[in-house]
Amino acid sequence: MSGPTQTPVSTPATLQVKVAAKRTEAQDICSLELVAADGGTLPAFTAGAHIDVHLPNELVRQYSLSNAPSETKRYVIGVLRDAASRGGSTAVHDLVAEGSTLTISTPRNLFPLDGAAPHHLLLAGGIGITPMLAMAEHLAATGGAFTLHHCNRSQARTAFVERLAAAPFAAHSHHHFDDGDAAQKLDIAATLQSAPAGTHLYVCGPQGFMDAVLSAGRAARWPEERLHREYFGAAPTAKADDGSFELEIASTGKVIKVLPDQTALEALHAGGIDIPMSCEQGVCGTCLTRVKAGMPDHRDQYLLPEEQAANDQFLPCCSRSKSARLVLDL
């Protein structure tokens, strides 16, 4: 995610919505059109925003809003059925139907457009197209300069093809398929090299794709403030040699032990410390906690490298400790 804050993200308010439509957008990808359960307007959002969706199996997952931010009557999300799902994507595909009522959070944006950028380069991998669609809608409506590239394994797995083809910004959009001929595949380095001066890059998609894009940006000496990213999932963080460590609550002196098979967040909750949470993967930043002493073992995708190096905050849902004890500013 781009531009992490230095304080924990507050838990957003919730509202009730109805699934007005559920559509198959591509192989293993569906979209949900959500409207207010009372028929009214929905809270405004900005391009790049996401919502927390409370699913029927009691899981909470984050999904980017893909429709135009100018719309006030609906939210549209896209969901990939992930073979490695921990239950979120399968719940959307198998348990949520047209007419279902869901609890969602109000929108929040950890992946905003930079309004001062002279040009925006939107690079999406797979289902990472969802926030980029809202960005493209906003930029097209406000006269912002941009180019959108969408990379997929195949056309059959490419969501929102018809929507992009019919959009007023279709000429700014390009598809790339892994199983297509070499000429149409995305050359990341060449794309960055040909971008107008001062361009800001936005990337969302599978971690391998994002790593390749960000590495190319850094190799081309693009400054970090022009490299914006949003992860929609994180790789498993548990390691075979994970050991126990202690968490000290600075305000009370209480010490909580974290066991090898337990996350710091689980230990805090078991110890009666109320820490807000959402994704539980080190992606959303909801549980961000300040550290007063000790050395965190950062395993998140939320903090920027320089913020991790400062070691004054960590994500207890996934990160651990290199020192025997962390003192938390709680």
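Cut-offs used in this document
Residues numbered from 1 in each chain as written. Predicted model: local features only at pLDDT ≥ 70, side-chain atom pairs only at ≥ 80, totals over all residues. Heavy atoms only, no water. Helix = DSSP H or I, 4+ residues; strand = E, 2+ residues; numbered from the N terminus. Rg over C-alpha atoms; globule rule 2.2 N^0.38 Å. Buried < 20%, exposed > 50% of the residue type's maximum accessible area, 1.4 Å probe, protein only. Contact = heavy atoms within 4.5 Å. Areas by Shrake-Rupley, 256 points an atom, 1.4 Å probe, with all protein chains shown as cover. Lys, Arg positive; Asp, Glu negative; His and termini not counted. Charge placed at Lys NZ, Arg CZ, Asp CG, Glu CD. Salt bridge = Lys/Arg side-chain N within 4 Å of Asp/Glu carboxyl O. Pairing = 2+ DSSP bridges. Axes fitted to C-alpha atoms, helices over the stretch in contact; angles between N-to-C directions. Expected span 1.5 Å × (residues − 1). Core = buried A, V, L, I, M, F, W, Y, C linked by side-chain atoms within 4.5 Å.

A. Local environment of the overall build of the protein chain. Helix and strand counts for the protein chain stand at 7 helices and 18 strands. By the compact-globule yardstick of 20 Å for 330 residues, the protein chain fits well, its C-alpha radius of gyration being 20 Å. Principal-axis analysis of the C-alpha atoms places the extent of the protein chain at approximately 60 × 50 × 35 Å. Taking all 330 residues of the protein chain together, 52% fall into the buried category. Considering only intrachain contacts with a sequence separation of at least 6, the fraction spanning at least 24 residues in the protein chain is 67%. Total accessible area on the protein chain is roughly 14400 Å²; 52% of this is exposed by carbon and sulfur atoms. Charged side chains in the protein chain number 26 positive and 35 negative. The centres of these two groups are separated by 2 Å.

B. Here's a closer look at the pattern of salt bridges. With the rule as written, the count across this model stands at 14 salt bridges. Of the charged contacts, one joins R74 and E71 as a salt bridge, the two residues approaching to 2.9 Å between their closest N and O atoms. With relative accessibility at 25%, the residue R74 sits in the partly exposed group. Linking E224 and R218 is a salt bridge whose minimum nitrogen-to-oxygen distance equals 2.5 Å. On the basis of relative accessible area, E224 is assigned to the partly exposed category, the value being 26%.

C. Unusual backbone geometry, seen in detail. Positive phi, normally seen in glycine, also occurs at D28, with a value near 70°. Mapped onto the elements, D28 comes out in the loop between β1 (14-26) and β2 (29-36). Judged by its relative accessible area of 31%, D28 is partly exposed. Phi at N311 takes a positive value of approximately 55°, unusual for a residue other than glycine.

D. Looking closely at the sheet that holds strand β4 (residues 60-64). Read across the open sheet, the 6 strands follow the order β4-β3-β6-β1-β2-β5; overall the sheet is antiparallel. Edge positions in the sheet fall to β4 and β5 (75-80), since each of these pairs with one other strand and no more. Taking the axes of each pair of neighbouring strands and ignoring which way they run, one obtains an average angle of 40° across the sheet. In this sheet, β2 lies alongside β1 in antiparallel orientation, the contact comprising 8 bridges. By the bridge assignment for β2, R23 is matched with S31. Relative to β5, helix α1 (residues 88-95) is tilted by about 110°, and along the sheet it contacts β1, β2, β4 and β5.

E. How the structure looks around the side chain of T130. Position of T130 relative to the elements: it lies in helix α2 (residues 129-142). Taking the relative accessible area as the measure of exposure, T130 reaches 5% and is therefore buried. If we skip the residues at most four places from it in the chain, T130 touches S64, L65, S66, G78 and F160.

F. The arrangement of the sheet that holds strand β10 (residues 200-204) in detail. Taken in spatial order, the 5 strands of this open sheet run β9-β8-β7-β10-β11, and their pairing is parallel. Each having just a single partner strand, β9 (173-177) and β11 (227-230) make up the two edges of the open sheet. Here the strands of the sheet are splayed against their neighbours by 15° on average, with no regard to which way each runs. Pairing between strand β7 (residues 120-125) and β10: 5 bridges, direction parallel. The partner of L122 across the bridge, within β10, is Y202. On top of the sheet, α2 reaches β7, β8 (146-152), β10 and β11; it is set at about 155° to β7, its chief contact.

G. Structural detail: α1. Buried within α1 are the following residues: G88, S89, A91, V92 and H93. Looking at the packing, one finds that the buried side of α1 touches β1, β2, β4 and β5.

H. View of the side chain of H149. Among the secondary structure elements, H149 is positioned in strand β8. Setting aside residues up to four positions removed in sequence, H149 forms contacts with L121, L122, L123, A124, H174, H176, L186 and T191.

I. Expanded view of helix α5 (residues 207-219). The terminal C-alpha atoms of α5, which comprises 13 residues, lie 18 Å apart, in line with the 18 Å expected from a rise of 1.5 Å per residue. Considering only its buried residues, α5 is in contact with β7, β8, α4 (188-193), β10 and β11.

J. Inspection of the nonpolar core at higher detail. By size, the foremost hydrophobic cluster in this structure holds 24 residues, and its most contacted members are L122, I129, M132, M135 and Y202. Listing elements by their share of this core, those giving two or more residues are β7, α2, β8 and β10. Take this core: its biggest share by element is 7 residues, from α2. With residues up to four places along the chain from it excluded, the contact list for Y202 reads F111, P112, L113, D114, H120, L121, L122, L123, M132, M135 and H228.

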